Structure formats: C-alpha cells, structure tokens
Amino acid sequence: QVQLVESGGGLVQAGGSLRLSCAVSGRTFSSYSMGWVRQAPGKEREFVAAINRSGGRTYYADSVKGRFTISRDNAKNVYLQMNSLKPEDTAVYYCAADYGALRIGAIDYDYWGQGTQVTVSS
C-alpha cells in the first residue's frame, strides 16, 4: 500500500513560482514511477510530469515543458517546481504513483494523493 500527501499549493500571481511536495509512505518507493496530474474546473485530468523509479528520466507535457521540473529524493518525496506560472495552470494538482517502469503520458496511476489547489491570478 502506498499513501501520498501533497502540499505546497496556493495562490500566486502570473509569472510567479510554487513548489509542490508529495510525501510518500510505503516500503517500496523505489518500485514506483511517480507523476503529477492536474484537473482544472470542468475539465478532465491532464498529465503534467512524470519521473522514473531511479529519478534519471523525466517526461513533461508540452504545456509545461521548460517551466516545470519534477524530481524525487531518497526520503520518499516527490517535488514539482513550477516557474513562470500562467493563469491556465490553475488546477488541482495530484501526486500519483505507478508501479513499475515509466509509462509516458499515462494518467491511470495505481495510487493518488488528495490533491492540492494551485491558483494563478492574472
């Protein structure tokens, strides 16, 4: 069983930055690829970024490439550094875990956090 708890969301002006954190519990963190998925009001969930089990490979949605950075550490944390934020980045951001190898662009993860709200004002 894996439990995920996100933090770090909030309200920021366009052009600003936020860093989301995801604390992961469970003994097999290294067995999971990790990702961030977001959902804006009235829209479907959208892939944002993913990182493989070793942390050596990352993948981003075109809409955030060059602005967001996903990372993970050995203390079972996953991060999403978000720079140059835009109003269209406003959404609930979910941390998610996927057992096994990185699946590019997938959003059918095995485990999900409760989500953290990010609001970008213009």
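All of these numbers come straight from a predicted model, not from anything done at the bench.

## Brief notes about the overall build of the protein
Stage number 1. When its secondary structure is counted, the protein shows 0 helices and 11 strands.
Stage number 2. Going residue by residue from the N terminus, the α and β elements of the protein occur as β-β-β-β-β-β-β-β-β-β-β.
Stage number 3. Over its C-alpha atoms the protein spans a radius of gyration of 13 Å, differing by no more than 12% from the 14 Å that the globule rule assigns to 122 residues.
Stage number 4. When the backbone C-alpha atoms are referred to their principal axes, the protein occupies close to 40 × 25 × 25 Å.

## Digging into the sheet that holds strand E3 (residues 18–25)
Stage number 1. Strand order in the open sheet made by the 4 strands is E1-E3-E8-E7, with antiparallel pairing throughout. In this open sheet, the two strands that pair with only one neighbour each are strand E1 (3–7) and strand E7 (68–73). Across the sheet, the axes of successive neighbouring strands diverge by a mean angle of 15 degrees, strand direction being ignored.
Stage number 2. Where E1 meets E3, 5 bridges bridge the pair, whose relative direction is antiparallel. Bridge pairing links Gln3 to Ser25 in E3.

## What about the side chain of Arg67?
Stage number 1. The topology assignment puts Arg67 in the loop between strand E6 (58–60) and E7.
Stage number 2. Not counting residues up to four positions away in its chain, the partners in contact with Arg67 are Gln81, Met82, Asn83, Ser84, Leu85, Lys86 and Asp89.

## Description of the pattern of salt bridges
Stage number 1. For the coordinates displayed, the defined rule picks out 6 salt bridges.
Stage number 2. Note that Glu46 and Arg38 form a salt bridge whose closest N and O atoms lie 2.8 Å from each other.
Stage number 3. Its relative accessible area of 33% is what places Glu46 among the partly exposed residues.
Stage number 4. Between Asp89 and Arg67 there is a salt bridge; the shortest N-O distance is 2.7 Å. Here the residue Asp89 occupies a position in the loop between strand E8 (77–82) and strand E9 (91–99), and Arg67 occupies one in the loop between E6 and E7, the gap between them amounting to 22 residues. Comparing Asp89 with Arg67 shows no difference in burial state: the two are buried.
Stage number 5. Each of the salt bridges in this network shares a partner with another, and the network as a whole consists of Arg38, Glu46, Arg67 and Asp89.

## Thoughts on the environment of Tyr93
Stage number 1. The residue Tyr93 is located in strand E9 in this model.
Stage number 2. Each C-alpha atom, one on Tyr93 and one on Gln114, is 8.8 Å from the other, the two residues being 21 residues apart in sequence.
Stage number 3. Discounting chain neighbours no more than four positions away, the residues touching Tyr93 are Glu6, Leu20, Trp36, Val37, Arg38, Val48, Phe68, Leu80, Met82, Gly115, Thr116 and Val118.
Stage number 4. Within polar-contact distance, the side chain of Tyr93 engages the backbone oxygen of Asp89 at 2.6 Å.

## Details of unusual backbone geometry
Stage number 1. Its identity as a non-glycine residue notwithstanding, Lys76 has a phi of 65 degrees, on the positive side.
Stage number 2. Locating Lys76 in the fold gives a position in the loop between E7 and E8.
Stage number 3. Notably, Ser84 is not glycine yet its phi reads approximately 50 degrees, a positive angle.
Stage number 4. Summarising the element assignment, Ser84 is placed in the loop between E8 and E9.

Cut-offs and rules
- Residue numbers restart at each chain and count upward from 1, following the sequence in its written direction.
- Side-chain atom pairs in this predicted model are given and counted only at pLDDT of 80 or more, local residue features only at pLDDT of at least 70, and totals for whole chains, interfaces and linings cover all residues.
- For the side-chain quantities, the full set of heavy atoms in the structure was used; hydrogens and water were omitted.
- A run of H or I in DSSP counts as a helix once it spans at least four residues, and a run of E counts as a strand once it spans at least two, with each numbered from the N terminus.
- Both definitions apply: the radius of gyration is a C-alpha atom measure, and the globule rule equals 2.2 Å times residues to the power 0.38.
- Following DSSP output, two strands are said to pair if at least two bridges run between them.
- Axis lines are fitted through C-alpha atoms, for helices just across the contact stretch, and the angle between N-to-C directions can take any value from 0 to 180 degrees.
- The contact rule is simple, with two residues in contact once any of their heavy atoms fall within 4.5 Å.
- One speaks of a salt bridge when a side-chain nitrogen belonging to Lys or Arg is within 4 Å of a carboxyl oxygen belonging to Asp or Glu.
- Think of it in three bands: with a 1.4 Å probe and only protein chains considered, a residue is buried below 20% of the maximum accessible area for its type, exposed above 50%, and partly exposed in between.
- In protein, a polar contact requires one atom able to donate a hydrogen and another able to accept it; more generally it is a pair of N or O atoms within 3.5 Å, and residues adjacent in sequence count only if both atoms are side-chain atoms.

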